[in-house]
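# Analysis of the macromolecular model
Next come the chains, spelled out residue by residue.
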Amino acid sequence: MAFNLDFLLSIKLFEILTLTFLYYIFHFYFNYYTRKNPLPGPFPLPIIGNLYLIRGDLFDFIQKNHQQYGDLFELWVPNRNIYFNNVNQIGKLTQPNTKSSFTTQMKLTKIFQEYIQTFGFIILNDDYESWRYYRKLLEQTISNQSYQHSLFDVILECFGEIQGHWKKLGAEHVIDIREWALRLLFDILIRTTTGENLFIMTKYFNHLTAGPKVHIAKEIDEMGEGIDQQLKNGAKALFYFQYVPEVLARTVFWWKTKKYLQISKKAQSVYNKIIEKRKQEIRNEDSSNRKVDVLNLLLNANLSDENESPSSKSIRLSDQEISIFLFEIINTSILTTSNTFAFTVEHIERNKKVKEKLLEELKTVFGDDKNNISFYKLSQLKYIEAVIYETLRVTPQTLTIIRTNNKEVDVSNIKKNSNLSFGTGLRICPGRFQAINMLKTLIFLLYLNYHVELVDPHSPIKNEFTFVNICLSGKVYVRPRNAE
Ligand code: HEM
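Residues numbered from 1 in each chain as written. Predicted model: local features only at pLDDT ≥ 70, side-chain atom pairs only at ≥ 80, totals over all residues.

An unreviewed UniProt entry lists the protein chain under the name 11088_t:CDS:1, with Ambispora leptoticha as the source organism.

Written out as structure tokens, the structure reads:
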């Protein structure tokens, strides 16, 4: 009897599930066929939209659709997205003023929000008021002269360390420029913003070397735990949460979702530990000794409970907010800048004339004295700057500039804007000058100090578009210039 009841119940459940699914399919296609302004594009399936058509990377997919459907088409990835492929079409989407109804980048699913608790302050924040506030805070922080000088000094310091590691690995060791740059940039940015050295680059060296390892103190090793996983998985995870439908992320791929959420939480906890450590130091320290870095600027505002000035009030952040803010400054920089660095080296090495001109510029600006280096020389490196911009044009970091709109607007008749490597309009990349300066510094340090040679100069540059454009080639031999 009990068996029969169970059996009947399971049939009912099956019927309910089937009916619900059929209703969902009907609803999906009803919405699809009655959508406003239908545009050409491939036929979507329920839940996964056009994702079933993606073979290879997203760039190939969008390019194929561009060839087939022209400048204006729609893709369901997995929801409806309209693609404008002609610069003349996008002016209204990118107006640099608040009247624009395209102030938001992408709409986030709940699970994506859960993952990017960390990014939600600026880059993917879809709340206009809070976005404006945090963006201003970021712009003020990174445009500060002392921040820029200290960033430059830290780059020199970290580059010195990388030279030590490469020397120990030997001239025959293949240097994967992107892998090194990911860790180098993390070390640079965490030191500039918080004064902490987590030795992520040294850990990578220890992982590669067959010789003696560099000792890292236990508490520092523990403090940086989780960063390497975040650096390795960051782009893949963002891509995953952007495109995998939430219902599949929570069910079919739950294990993958869990892995990415854990990695993100662990990396975020590194920033919490740094803040806790600094607060402890501030409590024990004489205030005249306080370091001047981004973390202290943010924390001092937080700690000044008594005699609070109006300016400190305006940047009062909780520890959690400071942690997210730091995470955002660092992580928005690393992926894009490290890939651009690797692509730039690839392009320089494949273009003999470009390399000659670049070395000529280095000779003119620095002469024969490698110690003749200063922040002010960066502005003289015009040719290197042009090479970086050209790299960004030929191998851009982002495939699309995403804007979400809820109002009805006519988006035709627009003015031209051809360099979109850093986006445009209200949401243009606030770190673009910092990125160019960091890249210029890294390129001049590399070429001033090393002969660079591609491991595989004859095969084409390999890349993969995920959340950003990943440089899969970028493997080089480096030989110190002073070893001649
Ligand atoms: C080569 C390096 C970089 C490239 C190619 C790049 C590219 C971009 C692009 C295309 C956008 C979207 C803009 C839009 O939607 O119109 C963006 C946004 C952003 N970038 Fe960068 N970026 C780079 C480096 C950096 C650095 C170093 C920082 C750190 C300060 C940074 C911070 C941000 C932030 C916070 C946003 C979000 C802006 C907003 O939504 O208001 N980026 N970046």
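From this point, things continue past the structure.
### Observations regarding the overall build of the protein chain
In terms of helices and strands, the protein chain carries 17 helices and 7 strands. Counting across all 484 residues of the protein chain, residues that qualify as buried make up 32%. In the protein chain, of all internal contacts separated by at least 6 residues, the share reaching a separation of at least 24 is 73%. (Helix = DSSP H or I, 4+ residues; strand = E, 2+ residues; numbered from the N terminus. Buried ≥ 20, exposed ≤ 12 C-beta atoms within 10 Å, placed from the backbone. Contact = placed C-beta atoms within 7 Å.)

### Quick word on the site of the ligand
Around the ligand lies a shell of 28 residues, among which Ser333, Thr336, Gly423, Cys429 and Gly431 are the nearest. Mapped onto the shell around the ligand, the elements with two or more residues apiece are helix 4 (128-143), helix 14 (319-350) and helix 17 (432-449). For the shell around the ligand, the leading source of residues is helix 14, giving 6 residues. (Near = placed C-beta within 6 Å.)

### Here we look at the sheet that holds strand 7 (residues 475-480)
Read from one edge to the other, the open sheet built from 3 strands follows the order 3-7-4, with strand pairing classed as antiparallel. The open sheet has two edge strands, strand 3 (175-176) and strand 4 (450-454), and neither has a second partner. When strand 4 meets strand 7, the two strands line up antiparallel, connected through 5 bridges. Bridge assignment links leucine 454 to a residue of strand 7, and that residue is valine 476. (Pairing = 2+ DSSP bridges.)

### Considerations on the confidence of the model for the protein chain
On average, the protein chain scores 85 in pLDDT, and the residues at 70 or more come to 86%. Note on residues 305-313: pLDDT is under 50 here. Beyond four places in sequence and across chains, it has 3 contacts. Across residues 412-417, confidence stays below pLDDT 50; counting only partners more than four residues off in sequence or on other chains, it has 10 contacts. (pLDDT = per-residue confidence, 0-100.)

### Comments concerning helix 2 (residues 58-69)
For helix 2, spanning 12 residues, the distance from its first C-alpha to its last is 16 Å, which sits close to the expected 16 Å at 1.5 Å a residue. Every buried residue of helix 2 is listed here: Leu58, Phe61 and Asn65. Buried residues along helix 2 cover an arc of 65 degrees about the axis, so they all sit on one side. Exposed positions of helix 2 whose direction lies more than 90 degrees from the buried face are Asp60 and Gln67. Tucked inside the fold, the buried residues of helix 2 contact strand 1 (72-76) and strand 5 (463-465). Looking one or two residues beyond helix 2, the residue adopting positive phi is glycine 70, at roughly 90 degrees. (Expected span 1.5 Å × (residues − 1). Arc of directions from axis to C-beta.)

### A look at the pairing of strand 2 (residues 80-84)
As paired strands, strand 1 and strand 2 are joined by 5 bridges and run antiparallel to one another. Residue glutamate 74 lies in a different strand from strand 2, and its bridge partner there is isoleucine 82. Linkage of strand 1 to strand 2, two consecutive antiparallel strands, is achieved through a turn of 3 residues.

### Some thoughts on the environment of glutamate 390
Here glutamate 390 shows up in helix 16 (residues 382-394). Glutamate 390 gets classed as partly exposed once you count the C-beta atoms within 10 Å, which come to 15.

### Side note on unusual backbone geometry
Looking along the chain, the bond that leaves valine 77 and enters proline 78 is cis, with omega of -10 degrees. Relative to the helices and strands, proline 78 is located in the loop between strand 1 and strand 2. Here the phi dihedral of asparagine 37 falls at roughly 45 degrees; this positive angle occurs in a residue that is not glycine. With respect to the element layout, asparagine 37 can be found in the loop between helix 1 (2-33) and helix 2. Among the residues examined, asparagine 37 registers 8 C-beta atoms within 10 Å and is labelled exposed. Its identity is not glycine, yet isoleucine 47 carries a phi of approximately 65 degrees, on the positive side. Residue position: isoleucine 47 is located in the loop between helix 1 and helix 2. By the C-beta count within 10 Å, which is 16 here, isoleucine 47 ends up partly exposed.

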